[in-house]
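Descriptive structure summary
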Amino acid sequence: MLTNEMLIQLLAAFLFSVGLLVVLLRRDTIMVLMGIELLLNSANLSLVAFSKSAMMIDGQMQVFFVITIAAAESAIGLSILVNLYRNFGSIKTQNATTLRG
Amino acid sequence: MESVYSYLPALILISPLVGFFINGVVLPLKYKGYAKTPANVAGGVATLFIFLSFLMGLKVFSSLQGMNSSAPAIMSYCFEWFNFGGLNIPFELRIDKLSGILVLIITGIGTLIHVYSTSYMHDEECVGRYFSYLNLFCFNMLLLVMGNNLPLLFFGWEGVGLCSYLLIGFWYTETEKANAGKKAFVVNRVGDLGFLIGMFLLFRELGTLTLTDINLLLQDAQVVAKIMPSVTLICVSLFVGATGKSAQMPLYVWLPDAMSGPTPVSALIHAATMVTAGVYMIARLHPLFSLSETALTLVAHVGAFTALFAGSIAIAQSDIKKVLAYSTVSQLGFMFLACGVGAYQTAVFHLMTHAFFKALLFLGSGSVIHACSGEQDMTKMGGLKKYLPHTHFTMLIGSLAISGIPFFSGFFSKDEILYSAIALPNGYSLLFIVGVLTAALTAFYTGRMMSLTFYGKERMSHDVKHHLHESPFLMTFPLYVLAALAAFGGFLGVPHLLGNFLGHMPHYLATWLDPVVPMKELPLVGIKLLLHEAVVMIGSSIIAIVSFGLGIKLFKSHLYLTDMLKGIKGFHVVLENKYFVDEFYDKTVIRFVKKLSELSAAIIDKLVIDGAVNGLGNGVRKVGSSLRILQTGDIQTYGLMMLFGLLALTALILKILM
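First things first, this report covers the structure right here in the doc. Every value quoted in this text rests on a predicted model; they were computed, and no experiment measured them. (Residues numbered from 1 in each chain as written. Chains lettered and ligands numbered in written order. Predicted model: local features only at pLDDT ≥ 70, side-chain atom pairs only at ≥ 80, totals over all residues. Heavy atoms only, no water.)

What to know about unusual backbone geometry
Note the cis peptide between B:Met249 and B:Pro250, where omega equals -5°. A positive phi angle is found at A:Met55, which is not glycine, with a value near 55°. Locating A:Met55 in the fold gives a position in the loop between helix H2 (29–54) and helix H3 (58–88). At B:Phe407, a position not held by glycine, the phi torsion is positive, near 75°. Looking at the secondary structure, you find B:Phe407 in the loop between helix H16 (389–403) and helix H17 (409–423). Look at B:Phe407 and you get partly exposed, because its relative accessible area is 46%. (Helix = DSSP H or I, 4+ residues; strand = E, 2+ residues; numbered from the N terminus. Buried < 20%, exposed > 50% of the residue type's maximum accessible area, 1.4 Å probe, protein only.)

Points about the nonpolar core
All names here are of chain B. Of all hydrophobic cores here, the largest spans 204 residues; its most connected members are Leu150, Tyr252, Leu288 and Phe289. When residues of this core are assigned to their parent elements, the largest contribution, 17 residues, is made by helix H15 (residues 344–371). When residues of this core are assigned to domains, at least three map to each of domain 1 (1–148) and domain 2 (292–563). Sequence-distant contacts of Leu150, defined by excluding residues within four places in its chain, comprise Phe195, Met199, Leu202, Leu209, Leu211, Ile214 and Leu285. (Core = buried A, V, L, I, M, F, W, Y, C linked by side-chain atoms within 4.5 Å. Domains from an automatic or database assignment. Contact = heavy atoms within 4.5 Å.)

Topic: the pattern of salt bridges
Tallied over the full model, the rule gives eight salt bridges over all chains. Close ionic contact of A:Arg27 with B:Asp634 constitutes a salt bridge, the shortest N to O distance being 3.1 Å. You can see A:Arg27 sitting in the loop between helix H1 (4–25) and H2 and its partner B:Asp634 sitting in the loop between helix H26 (581–627) and helix H27 (635–657), one on each of two chains. Among the ionic pairs, B:Asp96 bridges to B:Arg284, the shortest N-O distance being 2.8 Å. Pair noted here: B:Asp96 is in strand S3 (residues 87–96) and B:Arg284 is in helix H11 (residues 277–284), with a separation of 188 residues, a long-range link. (Salt bridge = Lys/Arg side-chain N within 4 Å of Asp/Glu carboxyl O.)

A look at the layout of surface pockets
Counted as a void, the largest pocket has a volume near 1,200 Å³. As for the largest pocket, its lining consists of 41 residues, and the residues nearest its centre are B:Glu176, B:Lys177, B:Ala180, B:Asp257 and B:Ser260. Taken together, the elements giving at least two residues each to the lining of the largest pocket come down to helix H3 (97–120), helix H6 (175–206), helix H9 (254–257), helix H14 (320–340), H15 and H26 of chain B. By residue number, the principal contributor to the lining of the largest pocket is H6(B), which donates nine residues. Of the residues in the lining of the largest pocket, the class split is 16 nonpolar, eleven polar and 14 charged. Roughly 880 Å³ of volume is contained in the second largest pocket. Lining the second largest pocket are 29 residues, with A:Val23, A:Val32, A:Ile36, B:Ile635 and B:Gln636 positioned closest to its centre. Mapped by element, the contributors of at least two residues to the lining of the second largest pocket are H1, H2 and H3 of chain A together with H27 of chain B. Considering only residue class, the lining of the second largest pocket consists of 19 nonpolar, nine polar and one charged. (1 Å grid on protein atoms, 1.4 Å probe; cavity = no way out; pocket = protein on both sides within 12 Å on 5 of 7 lines; lining within 4 Å. Points joined across faces, edges and corners; volume = space filled by probe spheres on them. Nonpolar A, V, L, I, M, F, W, Y, C, P; charged D, E, K, R; others polar.)

Rendered as C-alpha cells:
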C-alpha cells in the first residue's frame, strides 16, 4: 500500500533519475545545467518530505542552503558556459575535450 | 697509570681546524674567491693556528714532565662518539709520552713548513686552498696520534690520506699530477682494508678498541691465552694497513709519485709525519705485536727488504725529489726493521731524527727547485754551491745526518737500529747485513745527490742560470732551524758507549719513553755490550763516511753509474726504471681489475641494472598508454564513471552494514 510519503519519495527518485539522465546524456551544456538543477531540486523535495514526516525542521533548513548553493552554482555555470562559447565557438560538451589523454 | 683530564689536547686538535675553517670559508667569502686570498694573509693565518697548537703542545709536554707518575698522560674527553651493542667509542684524546713527541714533531715541523710555504707558494694561484688543506692535514694527523681508540686513529688515518690526495693533486689541471693523487688514494685504500680487518678482529677478540684498555688487557695472562690463536692474523692485517700508509713493500708505489705535489707538502706529509703513521701505530700497539713472533718477523723482513730495495732505486734517479722519495721509503723500512726486532723505542727515535733531516732535505730541495725556476732534474743542475750558500750549508747538514756521519742525528738512530738488528733476540745477521748495506747505499746516493746538485760543472741552461737566486729569509729560516735539529737532535739518544765517554750522559729518549714503550733488555751486559756497540758503531761510521765521500767524489764529473762502470748498464736500466714494479703492477693487478670492471660494465651494468631501470620505465609507459583511452576529456563520460563508482561504493557499504 503506497502512502503519500512514499509517493513523494518515489516522485523525488523519478525526478533525480531524469536529472541524472539529462546530465549524462544531453550534449548541450545548458541542458546539463538544467539537469543539475533538477537533481538538486529532487533532493530538496526528498528532504522536505522526510522532514515533514519525521516532524523535524532540520531537513527544511537544509533545503534553504541547497537553494542558495544552487543559485550560486548556476551563476558560475552560466559564466563558464559563456567562456566556453567564446573559446570553442560552441557549447556542446563533445567540443570541450582539450583535456583528453 | 695516572691520567689528568685537561682541555689542552682538545684545543691542540681544534686549533688547526679553526685555521682550516678560516682559510677555507671565511677568507674566500671576504676576498670573494679562493684564488683571491693573498698568500701572506692565508699563510699567516694558517701558520698562526698551527703555531698556537705547537705552543699548547709544549705546555702539555712540560706538564707531562712535571707529573710524578710512572706513566703520565693528559686526556680530553670531548663527547660520546657512538655507542651501540658492546661498542662504546668516546671522542677521547690522550697525550702520553709517545704521542707527546709526535704532537711536537707534527706541530713544530708543521709550523716551520707553514712558514716556508708562505714564501714558497707566494706566486701560486689558490694559496688559500693550499693552506686550508695543510691545516686540515695537521688536524687529522693530530687526531691520529692523540686519539685514544682505534676508530679515532682510523678517522685521522683516513683524514691524512684525504689531505695527502688533495695536496698531491694540488695542481689538478695537470693530468699527471691529478693521477698521482688518485694513485696514492687507491693504493692507500688497499692498505686501509687490512687495517679495518685488523681492527674488527681485535674487537672480536678483546671487545674493546680503546688503546689504553687494549694494552691493559694484554697484561692479563688469560686474555693473552684467549687471543693467541688469532693474534698473528690481527697483527698482519694491521701491518698491511701500515704498509699502505707508510709506503712499504708491496704498497710503496704511491710515494714516489706523490712527489708531484708542492715540495713543502712532500716535506710535511710524505717525509716527516703522515708516512710515519704506520710506525707510530705499531709502537702504540707494541704489546699486541710483541705477542706474535711471526708478525714481527714479517715486519722486520718487509722493512729490511724495502729499505734495501728503495735505497738501490734511489741511486739511479735523476729527479732530486724522486731520490728523496725513495730515500724516505728506505728510511721507513729501517723504522719497520727496528719495530720488527722489538726495538720500538729505536723506531720512534729514528722516526724523530728522520722527521728532522728528511724535512730539511725536502725543504732544501724545494729551495733548489725554486732557485732553478722549477727544474727538478739534477742532471741539469750542478755547481749551485756558490749561488745558494745557505741552502747548501743546511742541506749538507741534512745529508750528513741521513748518511749517518758520526755525531749528526741520523748516526745515533741508525746506529741503534743496526745494533738492535743483531743484538736483540729477534734480530739476526741477515737483517744486520741488509741494514748495513742500506746504510752504505743511503750515504752513497745522498752523496751523489749533493754532488750532482751543488758541486761539479754547471749544467743548467743560460736562462736558468740567469735567474739563480738564494731563497728569501722565510725559506732559509726554517732550513736553519731544521738543520740545528738534524745536527744535534741525536744527542737525545746517546748510546751507552758514548754516553760513558761524555760524562755519563743518559739516553734521554729511552728514559722518556720507557713507561709507554719499554726498551727490550739487551742480552749482553758489561764490557761485552760496550765491545759489541763499539764494533757496530765504528764499522757503520767508517762505511757511512766512505760511501758518502765516494758518492760526492764520483759524481762530481759523472752523472750516472754507467759512466763509471760500463758493465752495469743493464742493472742501471733496471734501477732507473725502479725494477719495473709499476709496469709489473700494471700488467697484473691493474689490467686484471680493468678487465673485471669492463666485464661488469658490459654485463652487470648494461644488462642487469640498465635492464631493470629501462624495463621499469618502459613498463610504466606501456601501462600509461593503455590507460590513456579512459581519459577522454569528455565531462559526461567522467560523470558516468563517477556514477558507477558511487554505485559500487554504495553496494560495498550496504554489504558491509547488512
